[in-house]
Amino acid sequence: MASTISPILILLSLTPCLFLIFAPQIQAQSAPAPEPPGPINLTRILEIGGQYTTFIRLLNTTQVSNQITNQLNSSTEGMTVFAPTDNAFNNLKPGTLNGLSVQQQVQLVLYHVLPKYYSLVMFQTVSNPVRTQATGQDGGVFGLNFTSTGTNQVNISTGVVVTQLNNALRQDFPLAVYQVDMVLLPFELFGPKPPPSATPPSAGPSGSDNKSPGSSSGDASNKNNSGSKERQIGLGLVAGIGLVCMGVLF
């Protein structure tokens, strides 16, 4: 007598196979869709780096952080930021930051920002000087100079300091952030100051007004001498007239 296989047993034996086939599709359909990327947060990028506390503080106190965020949302050129490490700020001469006015601190921070996205390769062929976000009171733009020293090795010069672009904290458009081991000091703020111009000698009074005390006393003495001579001549005339009168009488 031939044995018969129950349909239930067949279905139970196929269930694990069906589960393995359809389970990935079920999980893919039930997984939530990824959230859209939010605005780029420069401060967060630096915080993850872990050694940019001073630069973060300057970005916040000067409001440059907000300016970068707003500009990234509206610009099609992107931006590039050079982030000095805490050691870079510690190596500055004591009192350097405190000796700057509020406006000069803003200029210093903006000097570390380029209004365009640059990859590391782009710096090797860039035209110098490259304009930064910093400007002077006369509207003049502060610039940086870049030189290539080898494969993916780029030096950056301000005219006061020279350092190398190191670790790239971010290189995805529209924002590139590079570590620098020295604070970029703009020549316009930290370059040698021209010597003060010499004060021209004041012009003295001209002509007869420029007289020394001695000349005044000399004039007074001459006047006194001439007056005494006139008196002597007058007395002599009077005496002569008197003698003539007496001769007539006698």
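Throughout, residues of each chain are indexed from 1 in the direction in which the sequence is written. For a predicted model such as this one, the threshold for reporting local features is a pLDDT of at least 70, and the threshold for listing and counting side-chain atom pairs is 80 or more; totals across whole chains, interfaces and linings nevertheless cover every residue. Values shown for side chains rest on all heavy atoms present in the structure; no hydrogens or waters enter the calculation.

1. With respect to the side chain of Thr-62
Formally: Put simply, DSSP marks the helices as runs of H or I at least four residues long and the strands as runs of E at least two long, and each gets a number from the N terminus on. With a 1.4 Å probe rolled over the protein chains alone, any residue whose accessible area is under 20% of its type maximum counts as buried; one over 50% counts as exposed, and the rest are partly exposed. Pairs of residues are marked as contacts when any of their non-hydrogen atoms sit within 4.5 Å.
Structurally, the position occupied by Thr-62 is in the loop between α3 (53–61) and α4 (64–74). Looking at Thr-62, the relative accessible area reads 14%, which means it is buried. Ignoring any residue separated from it by four or fewer positions in sequence, one finds Thr-62 in contact with Gln-105, Val-106 and Val-109.

2. Side note on unusual backbone geometry
A cis geometry characterises the amide bond from Asn-128 onward to Pro-129, with omega recorded as -10°. Residue Phe-173 is joined to Pro-174 through a cis peptide bond whose omega torsion reads 15°. Considering the arrangement of structural elements, one finds Pro-174 in the loop between β6 (162–170) and β7 (175–180). A positive phi angle, close to 65°, is found at Gln-63, a residue other than glycine. You can see Gln-63 is positioned in the loop between α3 and α4.

3. Some points on the environment of Val-154
Within the element layout of this structure, Val-154 appears in strand β5 (residues 153–157). The sequence separation of Val-154 and Asn-166 amounts to twelve residues, and the corresponding C-alpha distance is 8.4 Å.

Don't take any of this as a statement about function, it's just geometry.
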